[in-house]
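The primary structure of each chain is shown beneath.
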Amino acid sequence: MSQENRATFGGRIGAVLVAAGSAVGLGNIWRFPYIVGENGGGAFLLVYLCCIMLLGLPLMISEFSIGASTHKNAVGAFRELNKRWTVVGYLGVLASLLILSFYLVVAGWTAEYTLHSFLANDVVRSTSVEVQTAAFNSFITHPWKPLIYAVGFSLATHIIIVLGVQKGIERASKLLMPMLFVFLFVLACRSMMMPRGLEGLQFFLTPDFSKLTTSSVLAALGQAFFSLSIGLGTMVTYGSYFKSTTHVQGTAVRVSLLDTFVAIMAGLVIFPAVFSAGIEPGAGPSLVFITLPSIFATMPWPALWSSLFFLLLVVAALTSTISMHEAGTAYMEEEYGLSRRKAAWCVTLFVSLLCCFCSLSLGAWSWLKVCGLSLFDAFDYLTANIMLPLGGLLTCLFTGWFFERKRFESQLYPEGKIGRLYPVLRLLIRYICPIIIVILFADNLGII
Ligand code: TRP
């Protein structure tokens, strides 16, 4: 596609909404609470917030700038700026597709929950954790049902991708964000009023540093990158659709704030209810799917609340799957000269196949293990704890040391006046972020 007819996102708000649509998703509402639960609560939250501010934000600014200054997909962008760094683009596209594969499985679960809440079956009205857990387990281990939902989700993503960047993504995001905020707020109030709710609040907000290990710091970093959609070129791809008037730093700050706000709200919804229902906070990926229904069941009209909430979650997940899919599609389209439709099909078929394997590895094909983890958990661990931090490290090193300084600055300050915080940003990108990531890696590999 020539650069003249490449699509753009409309205006400033459009860019923020679309990027926030990518960032806000299951990472905030499904993954964040269970990772916080597994890593001991309050202290982890504090480390997470530091990761967002010190590492996430500078990295998002870098990724946007790389995309916006080249108007190319992740691979093409790195190639244009410096051929030797093209591999970072490839790593990114590969990681996007791996994340998309297990993400689609969870997105499929949310679609199933929407439907069964809508049909108001008995499980929706049950306040018993045992009933909710059994229902969840029997669904995710079913030999074919979750596959249908996951592949269906993949096809829905495909359709929006083919309809085009602006129409599909921008409209969905504009509608969803405000609704999601209001909903989370109402649920948080409800959840905190449940018996023993305050204990949950305390778990989430009071730091207990004795529970913190270096592997949980790496998990916090991985979660921060996952939640902000950075470290693998998704935001490079989105940055490439920015108009030349889009303010890169302002957009990154707004997107990070929105994303963090939603994650914290999700924590305020989940943890009081977890303690109230006597669920183990470290229950893992099932946490949200057993906790939320038990909040709804205590409210009037549980089926209505539940179906609305899961529907919002479906849309939030959809705006994120679109962004991962777009990273792959833009790559196929621009690097191999395919039509958008063909490029999108290549990605859809590939991830649909992989997502079936991921889903089966939780049930019928439980022998499908990598290093003792099910394929699903292995993809989750490999991408969030290894590929994202590695991609982030390489992107920081690239931006700090190899991205032509004038070109980077002209993205950040199109009017030519360098901002006051620029030296801090440069210090973070050149030294602090890479050093922190290297130390965390080395420690987790047992080198130091
Ligand atoms: N950030 C999204 C979420 O929180 C998931 C996501 C979309 C993502 N694109 C990504 C994660 C790119 C890592 C990289 O749900």
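Residues numbered from 1 in each chain as written. Predicted model: local features only at pLDDT ≥ 70, side-chain atom pairs only at ≥ 80, totals over all residues. Heavy atoms only, no water.

Moving on, we come to the nonpolar core. Membership of the largest hydrophobic core comes to 149 residues, with the highest contact counts inside it found for W30, W109, L180, F225, L292 and F309. It is helix 5 (residues 86-118) that contributes the most residues to this core, 17 residues altogether. Non-local contacts of W30, meaning those with residues more than four positions away in its chain, are made with F102, V106, W109, P285, V288, F289, F376 and D380. (Core = buried A, V, L, I, M, F, W, Y, C linked by side-chain atoms within 4.5 Å. Buried < 20%, exposed > 50% of the residue type's maximum accessible area, 1.4 Å probe, protein only. Helix = DSSP H or I, 4+ residues; strand = E, 2+ residues; numbered from the N terminus. Contact = heavy atoms within 4.5 Å.)

Time to look at the pattern of salt bridges. This structure, assessed with the given rule, holds nine salt bridges. Two residues, R31 and D380, come together in a salt bridge whose shortest N-O distance is 2.8 Å. Of this pair, R31 sits in helix 2 (residues 26-38) while D380 sits in helix 17 (residues 375-402), placing them 349 residues apart in sequence. The exposure class of R31 is buried, given its relative accessible area of 3%. By relative accessible area, D380 is classed as buried at 3%. The partner of E333 in a salt bridge is R340, with the nearest N and O atoms 3.2 Å apart. Using a relative accessible area of 7% as the deciding quantity, one classes E333 as buried. Where salt bridges share partners, they join K72, E80 and R407 into one cluster. (Salt bridge = Lys/Arg side-chain N within 4 Å of Asp/Glu carboxyl O.)

It is worth spelling out the site of the ligand at this point. Around the ligand sit 16 residues, and of these A23, G27, Y103, F226 and S229 come closest. One nitrogen or oxygen atom from the main chain of A23 is found 2.8 Å from an oxygen atom belonging to the ligand. Y103 places a polar side-chain atom, nitrogen or oxygen, 2.5 Å from an oxygen atom of the ligand. Considered on its own, the ligand offers 360 Å² of accessible surface; in the complex 100% of this is hidden by protein. At a threshold of 2 Å from the grid points, most atoms of the ligand map onto the largest cavity. Grouping the constituent residues of the shell around the ligand by class yields seven nonpolar, nine polar and no charged. (Near = heavy atom within 4 Å. Polar contact = N/O pair within 3.5 Å; in protein donor to acceptor, adjacent residues only side chain to side chain. Areas by Shrake-Rupley, 256 points an atom, 1.4 Å probe, with all protein chains shown as cover. 1 Å grid on protein atoms, 1.4 Å probe; cavity = no way out; pocket = protein on both sides within 12 Å on 5 of 7 lines; lining within 4 Å. Sits in = over half its atoms within 2 Å of the grid points. Nonpolar A, V, L, I, M, F, W, Y, C, P; charged D, E, K, R; others polar.)

Turning our attention to a nonpolar patch on the surface. A surface patch of nonpolar side chains, about 650 Å² in accessible area, is lined by W401, F402, L427, Y431, I432, I435 and I439. Sorting the residues of the nonpolar patch by element identifies helix 17 and helix 19 (422-444) as the ones contributing at least two each. Looking at the element boundaries, L427 is found in helix 19. (Patch = residues over 30% accessible without salt bridge, like charges linked within 9 Å, V, L, I, M, F, W, Y side chains within 5 Å.)

Attention now moves to helix 8 (residues 145-163). With 19 residues, helix 8 should reach 27 Å at 1.5 Å per residue; the first-to-last C-alpha distance of 28 Å fits that figure. Taken as a whole, helix 8 has its buried residues at P146, L147, A150, F153, S154, T157, H158, I160 and I161. (Expected span 1.5 Å × (residues − 1).)

Notably, H71 is not glycine yet its phi reads approximately 55 degrees, a positive angle. Note on placement: H71 falls in the loop between helix 3 (42-70) and helix 4 (74-81). Accessibility expressed as a relative area gives 27% for H71, which makes it partly exposed. Although it is not a glycine, C371 sits at a positive phi angle of roughly 50 degrees. Residue position: C371 is located in the loop between strand 1 (369-370) and strand 2 (373-374). Its relative accessible area of 81% is what places C371 among the exposed residues.

Now for helix 15 (residues 302-336). With 35 residues, helix 15 ought to run about 51 Å at 1.5 Å a step, and its terminal C-alpha atoms sit 50 Å apart, in line with that. A bend of about 25 degrees at E326 is the largest found in helix 15. Within helix 15, 28 of the 35 residues are buried, which leaves the element mostly enclosed by the surrounding structure. (Bend = angle between axes of the 7 residues up to and from the residue.)

A water-sized probe, rolled over the atoms, reveals where empty space remains. Enumeration according to the criterion identifies four cavities of 30 Å³ or more in this entry. Taken as a whole, the largest cavity spans an internal volume of roughly 150 Å³. Surrounding the largest cavity, 19 residues form its lining, S22, I99, F226, S229 and M324 being those nearest its centre. Secondary structure elements with two or more residues in the lining of the largest cavity: helix 1 (11-23), helix 2, helix 5, helix 11 (214-228) and helix 15. (Points joined across faces, edges and corners; volume = space filled by probe spheres on them.)

Moving on: the packing of helix 3 against helix 18 (residues 405-412). At their nearest, the axes of helix 3 and helix 18 sit 9 Å apart, and the two run at 100 degrees to each other. Classified by the angle their axes make, helix 3 and helix 18 are roughly perpendicular. Where helix 3 abuts helix 18, its residues I61, S62, S65, A68, S69 and T70 lie against R407, F408, Q411 and L412. Grouping the constituent residues of the contact of helix 3 with helix 18 by class yields four nonpolar, five polar and one charged. (Axes fitted to C-alpha atoms, helices over the stretch in contact; angles between N-to-C directions. Parallel < 35°, antiparallel > 145°, perpendicular 65-115°, else oblique.)

Note on placement: V347 falls in helix 16 (residues 340-360). Placed 18 residues apart in sequence, V347 and T329 show a C-alpha to C-alpha distance of 6.4 Å. Once residues lying within four places of it in the same chain are set aside, the contact partners of V347 are L97, H325, G328, T329 and M332.

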